Amino acid sequence: GIPKTQYAQIFEKTGGPIQYREIPVQAPGPDEILVNVKYSGVCHTDLHAWKGDWPLDTKLPLVGGHEGAGVVVAKGDQVTNFEIGDCAGVKWLNGSCLSCEFCINGYEPNCPHALLSGYTVDGSFQQYAIAKAIHAAPIPKGTDLAKIAPILCAGITVYKALKESGAKSGQWVAITGAGGGLGTLAIQYAKAMGLRVLGIDTGDVKSKMTQALGAEVFIDFATTPDIVAEAIKVTNGGPHAVINVAVAEKPFEMSCKYVRPRGTVVVVGLPAHAYVKSEVFSTVVKSITIKGSYVGNRADTDEAIDFFSRGLVESPIRIVGLSELPKVFELMEKGEIAGRYVLDTSK
Ligand code: 8ID
Ligand code: ZN
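Residues numbered from 1 in each chain as written. Chains lettered and ligands numbered in written order. Predicted model: local features only at pLDDT ≥ 70, side-chain atom pairs only at ≥ 80, totals over all residues.

Draft legend 1. Molecular detail of the overall build of the protein chain. Helix and strand counts for the protein chain stand at eleven helices and 18 strands. What you see for the protein chain is a C-alpha radius of gyration of 20 Å, in line with the 20 Å of a compact globule of 347 residues. Seen through its C-alpha atoms, the protein chain measures out along the principal axes to roughly 60 × 40 × 35 Å. Sequence-distant contacts, at least 24 apart, represent 70% of the contacts inside the protein chain between residues at least 6 apart. (Helix = DSSP H or I, 4+ residues; strand = E, 2+ residues; numbered from the N terminus. Rg over C-alpha atoms; globule rule 2.2 N^0.38 Å. Contact = placed C-beta atoms within 7 Å.)

Structure below.
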């Protein structure tokens, strides 16, 4: 049976104490499923949400989290795409209107009525989470739920960003923030798509990890005197695309300088109060493209999960209890996480 109460991590106010305590289990509405979340990834977005970094308010009090993998335990009477017992993913895009200009054209993340898990609606840092059935991710039976958790945001996002970059097999893609949650998956999706990868991040652990995952070259941003010159040199003229997932302003500006003529700079990371600065003359003469990319739609979700299910992408996770979320945030703030932390909601 479904319990009346459950454990959750609650942000009572922005940047305030994070409370691990029991709260009621909600009942799903007619178009919703109730997911018994087994594991939830911790994305840097969750840290931004708690800190209140962005020009968009969260609901309060808030249960964060948007990489929830679990099992459907209840559903509303309009739900036809999930049965009780199916595996399902609670992702950032919890719901959208499905009838606006953007939804109709497959740009669901850009829907003005989008519901965001762990931001405008409660997310996956709890044992029982609600998702709109139409947007919940179908997860094949028998999937390792801890390992698929990071695919539900990080995987979808970097896979979509790589598609948006237009880079073709045999070409170079640079990934800033290559050693973090999005970056470590981006390397592998890029490899699986036939691209050559330059990873940019810092430290021995991330250097080793990114190269083990398939980066041909690693640039340490903290110890390399001229990152722009080095990136151009190692890719023989600059990468054809850059996926920026670093949580810092500087790498965006640098990527506009080292990207190859005709290349594409993809803006994915969301550092607070940041701008992408590109000198006008070289933007024109090199004819570069600078574009934003925001998670993915339902088709991108299924495709990203399919890469994972076929064993093309390994999820570089460490599992700790849901109760340990504040410690994970501390490590993340210091840039000390290589790969992704996943929370086990039973602990
Ligand atoms: O849809 C989207 N656009 C989307 C989806 C999901 C997440 C955007 N995001 C955003 C998050 O909100 C966050 O701002 O992407 C960013 C990265 O999320 P993450 O991968 O979950 O963060 P992380 O695990 O902390 O990794 C960040 C990495 O960046 C490196 C750090 O060392 C870390 O490994 N980094 C930093 I900070 N400064 C750097 C620099 N100057 C850098 N790497 C290269 N150069
Ligand atoms: Zn995320």
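This is not the end of the story, as more comes after the structure.
Draft legend 2. Here's a closer look at the site of ligand 1. Surrounding ligand 1, one finds 34 residues, the nearest of these being His44, Gly177, Gly180, Leu182 and Ala246. Looking at the shell around ligand 1, the elements that each hand over two or more residues are helix H1 (44-51), helix H5 (181-192), strand S12 (196-201) and helix H8 (250-258). Considered class by class, the residues forming the shell around ligand 1 number 17 nonpolar, 14 polar and three charged. Shared between two domains, the shell around ligand 1 holds at least three residues of each, these being domain 1 (5-153 + 296-344) and domain 2 (155-292). (Near = placed C-beta within 6 Å. Nonpolar A, V, L, I, M, F, W, Y, C, P; charged D, E, K, R; others polar. Domains from an automatic or database assignment.)

Draft legend 3. Looking closely at the packing of helix H4 (residues 154-165) against helix H10 (residues 298-309). Between H4 and H10, the least distance of the axes is 9 Å, while the angle of their chain directions is 105 degrees. With respect to each other, H4 and H10 are oriented roughly perpendicular. Side by side, H4 and H10 meet where Gly155, Ile156, Tyr159 and Lys160 of the first sit next to Asp300, Thr301, Glu303, Ala304, Phe307 and Phe308 of the second. Looking at the contact of H4 with H10 residue by residue, the classes come out as five nonpolar, two polar and three charged. (Axes fitted to C-alpha atoms, helices over the stretch in contact; angles between N-to-C directions. Parallel < 35°, antiparallel > 145°, perpendicular 65-115°, else oblique.)

Draft legend 4. Spotlight on the sheet that holds strand S2 (residues 18-24). Strand order in the open sheet made by the three strands is S2-S1-S4, with antiparallel pairing throughout. Either end of the sheet is taken by a strand with one partner, and the two such strands are S2 and strand S4 (62-63). The pairing of strand S1 (residues 5-11) with S2 spans seven bridges and is classified as antiparallel. Across the sheet, the residue bridging to Gln9 is Tyr20, located in S2. (Pairing = 2+ DSSP bridges.)

Draft legend 5. Here's a closer look at the nonpolar core. Ranked by internal contacts, the top residues of the largest apolar core, which has 98 residues, are Val158, Leu162, Val173, Ile175, Ala186 and Ile243. The residue makeup of this core includes at least three contributed by each of domain 1 (5-153 + 296-344) and domain 2 (155-292). Residues within four places of Leu162 in sequence aside, it is in contact with Ala167, Val173, Ala186, Tyr189, Ala190, Met193 and Ile243. (Core = buried A, V, L, I, M, F, W, Y, C linked by C-beta atoms within 7 Å. Buried ≥ 20, exposed ≤ 12 C-beta atoms within 10 Å, placed from the backbone.)

Draft legend 6. How the structure looks around the environment of Leu56. With respect to the helices and strands, the residue Leu56 is situated in the loop between H1 and S4. Note on Leu56: 11 C-beta atoms within 10 Å, which makes it exposed. Taking the C-alpha atoms as reference points, Leu56 and Tyr119, 63 residues apart in sequence, are found 9.2 Å from one another.

Draft legend 7. Highlighting the pairing of strand S18 (residues 340-344). Most of S18 is tucked away, with four of its five residues classed as buried. Taken together, the five bridges between strand S17 (residues 317-321) and S18 define a ladder with parallel strand orientation. Each bridged residue has a counterpart across the sheet, and for Ile319 the counterpart in S18 is Val342. Once you follow S17 into helix H11 (residues 325-333) and on to S18, the crossover reads as right-handed. (Right-handed = clockwise from strand over helix to strand, strands pointing away.)

Draft legend 8. Local environment of the sheet that holds strand S16 (residues 289-292). Strands sit in the order S13-S12-S11-S14-S15-S16 across an open sheet of six strands; the sheet is parallel. At either margin of the open sheet sits one strand with a lone partner, and together these are strand S13 (217-220) and S16. Put simply, the sheet's adjacent strands are angled 20 degrees from each other on average, direction ignored. Both S12 and S13 contribute to a ladder of four bridges, which runs parallel. Among the inter-strand pairings, Asp201 is bridged to a residue of S13, identified as Asp220. Across the sheet, H5 touches strand S11 (172-176), S12 and strand S14 (241-244), and the angle it forms with S12 is around 170 degrees. Lying over the sheet, H8 contacts S11, S14, strand S15 (264-267) and S16, oriented at roughly 175 degrees with respect to S14.

Draft legend 9. The environment of Leu182, seen in detail. Locating Leu182 in the fold gives a position in helix H5. Apart from the residues within four sequence positions on either side, Leu182 is in contact with Ala154, Thr157, Val158, Gly177, Val245 and Val268.

Draft legend 10. Summary view of the packing of H1 against H11. For the pair H1 and H11, interaxial distance at closest approach is 10 Å and the crossing angle is 100 degrees. Looking at the two axes, H1 sits roughly perpendicular to H11. Counting all contacts with H1, which are made through His44, Leu47 and Trp50, the residues of H11 involved are Phe329, Met332 and Glu333.

Draft legend 11. Up close: unusual backbone geometry. Here Leu60 and Pro61 are connected by a cis peptide whose omega angle stands at -10 degrees. Along the chain, Pro61 falls in the loop between H1 and S4. Although it is not a glycine, Ser287 adopts a positive phi angle of roughly 50 degrees. Turning to its location among the elements, Ser287 is positioned in the loop between helix H9 (280-285) and S16. Here Val295, not a glycine, exhibits a phi torsion of approximately 35 degrees, which is positive. Structurally, the position occupied by Val295 is in the loop between S16 and H10.

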